[in-house]
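So the chains spell out like this:
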Amino acid sequence: MLDQYGRTIEYLRVSVTDRCNLRCRYCMPEEGVELLQHEQILSYDEIERIVRLCAKMGISKVKLTGGEPLVRKGLSSLLRRLKRIDGIEDVTLTTNGVLLESQIDDLVEAGLTAVNISLDTLDRAQYEELTRRDQLEEALRGLEAALSYPQLQVKINCVTLLGKNEEQWTKLAAFAKEKPVDVRFIEMMPIGIGQSDPNGSQKIVYDHLVQVFGEARNLSGRFGNGPAVYKQFPEFKGKIGFISAVSHQFCDGCNRIRLTADGFLKPCLQYSTGKDLKELLRSGKSDQEIFEAIKETIYRKPRSHQFKNSENEGHMCDTKQMEQRKMSSIGG
Ligand code: SAM
Ligand code: SF4
């Protein structure tokens with residue numbers, strides 16, 4: 001459906017858990033994480049019901065996220081159920097990859113066609129420092145397992161942490177040189193714990209890559225569901241993408257909404273506004289009533305985030321509405 005600014009909303013990110021087996025420094029604290037109780041999290045039946053209603057409104061693509069989605073039991077069964085919903089064309093996954101090797105067969109069998117693997121470094125010590133867990137090997141095995149399925153579209157996502165992982169940018173980009181994998185560099189967004197981390201902007205990253213790989217060609221057109229812009233470096237098998245919410249606002253073309261693990265429908269990453277669908281589900285509301293609530297939430301999607309303006313340009317923002325949740329409970 002169209003929102004109030006005429007954008008087509010067709011993509012839903014579903015967070016299935018706020019739990020994670022890593023503790024990335026920009027995403028989750030080491031300790032004292034206030035986790036949702038089991039009963040606060042939507043059941044698979046509840047997620048399926050919401051996705052079915054969203055599909056009636058034109059949502060055709062679903063991304064499963066978290067926390068770490070693979071820590072929730074039976075994820076492939078949810079995937080299979082969502083794929084069967086009329087109107088849902090794609091159900092994809094974003095994961096840190098640590099548990100992927102053991103689950104990939106079931107996921108592909110259930111209908112997974114694309115997976116994004118978050119990987120900020122290939123250096124074991126730095127991986128442990130950034131994620132507080134020594135699990136780079138498992139993540140790389142997950143990546144290899146995904147790559148063993150030629151029909152699966154695999155992307156690597158790297159958050160660009162200025163002063164931390166810049167030496168890794170060319171190493172990660174080299175994956176796209178050797179293999180048909182897209183590698184995307186994500187600017188740190190001022191949400192949750194990562195708010196104050198220095199951000200490696202698209203320009204800084206690109207300049208780094210050019211020094212090693214030469215100039216790239218801009219690719220036009222949309223690849224995938226998201227806001228990434230892509231470049232093609234000479235002799236690369238895959239593309240290099242940039243998701244630059246801070247330096248290049250892309251809200252005019254935003255096509256997405258988000259469902260948190262506890263059932264809150266969020267029309268924009270930066271704002272806390274939205275609708276508590278779990279409350280509606282569990283108070284016995286009809287499909288029609290929930291449908292109307294979803295429709296209203298989509299229609300009222302904010303025009304844009306203010307990541308840059310609120311920080312750097314002094315534009316007015318209603319701070320009362322700013323999102324206070326961590327990325328791990330929104331799902332990225
Ligand atoms: N655990 C899964 C993973 O890491 O892919 C899924 C959830 S995670 C919150 C989704 C994505 O959000 C990851 O690629 C992560 O690097 C990214 N992320 C977390 N905090 C971020 C921030 N402040 N700015 C930009 N990306 C962030
Ligand atoms: Fe976990 Fe993903 Fe957050 Fe890292 S970015 S702590 S893997 S949810």
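Report follows, based on the coordinates. (Residues numbered from 1 in each chain as written. Chains lettered and ligands numbered in written order. Predicted model: local features only at pLDDT ≥ 70, side-chain atom pairs only at ≥ 80, totals over all residues. Heavy atoms only, no water.)

Turning our eyes to something else, we now look at the sheet that holds strand β9 (residues 240–243). If you trace the 12 strands from one edge of the open sheet to the other, you get β7-β8-β9-β6-β5-β4-β3-β2-β1-β10-β11-β12, paired in mixed fashion. Here the strands that pair on one side only, and so sit at the sheet edges, are β7 (217–219) and β12 (275–276). Relative to β9, strand β8 (residues 229–232) runs antiparallel, the two being bridged by three bridges. Paired with Y230 across the strands is G241, a residue of β9. (Pairing = 2+ DSSP bridges. Helix = DSSP H or I, 4+ residues; strand = E, 2+ residues; numbered from the N terminus.)

In the vicinity of ligand 1, 18 residues are found, and the nearest of them are Y26, G67, S118, M189 and M327. Side-chain polar atom of E68 to a nitrogen atom of ligand 1: 3.2 Å apart, as the coordinates give it. T95 places a polar main-chain atom, nitrogen or oxygen, 3.5 Å from an oxygen atom of ligand 1. Coverage of ligand 1 by the protein chains reaches 94% of its 550 Å² of free accessible surface. Mapped onto the shell around ligand 1, the elements with two or more residues apiece are β3 (90–95) and β6 (182–187). By residue class, the composition of the shell around ligand 1 is seven nonpolar, nine polar and two charged. (Near = heavy atom within 4 Å. Polar contact = N/O pair within 3.5 Å; in protein donor to acceptor, adjacent residues only side chain to side chain. Areas by Shrake-Rupley, 256 points an atom, 1.4 Å probe, with all protein chains shown as cover. Nonpolar A, V, L, I, M, F, W, Y, C, P; charged D, E, K, R; others polar.)

A few words on the layout of surface pockets. Put simply, the second largest pocket is a space of about 250 Å³. Lining the second largest pocket are D18, M28, V33, E34, L35, L36, A261, D262, R325, K326, S328 and S329. Residue classes in the lining of the second largest pocket are distributed as five nonpolar, two polar and five charged. (1 Å grid on protein atoms, 1.4 Å probe; cavity = no way out; pocket = protein on both sides within 12 Å on 5 of 7 lines; lining within 4 Å. Points joined across faces, edges and corners; volume = space filled by probe spheres on them.)

Between its terminal C-alpha atoms helix α7 (residues 202–213) stretches 16 Å, which fits the 16 Å expected from 12 residues at 1.5 Å a residue. Buried within α7 we find Q202, V205, Y206, L209, V210 and F213. Along the axis of α7, the buried residues cluster in a sector spanning 135°; they form a single face. Looking at α7, the residues exposed on the side facing more than 90 degrees away from the buried face are K203, Q211 and V212. Those residues of α7 that are buried are in contact with β5 (153–160), α6 (166–178), β6, β8 and β9. Count one or two residues on from α7 and you reach G214, which has phi positive near 85°. (Expected span 1.5 Å × (residues − 1). Buried < 20%, exposed > 50% of the residue type's maximum accessible area, 1.4 Å probe, protein only. Arc of directions from axis to C-beta. Contact = heavy atoms within 4.5 Å.)

Among the structural elements, R7 can be located in the segment before β1 (11–15). Taking the relative accessible area as the measure of exposure, R7 reaches 6% and is therefore buried. Spatially, the C-alpha atom of R7 lies 32 Å from that of A173, the residues being 166 residues apart in sequence. Other than its neighbours up to four places away in sequence, R7 contacts M1, L2, C251, D252, C254, K301, P302 and R303. Side chain to side chain, R7 and D3 meet in a polar contact 2.7 Å long. Of note is the side chain of R7, whose polar atom sits 2.7 Å from the backbone oxygen of P302.

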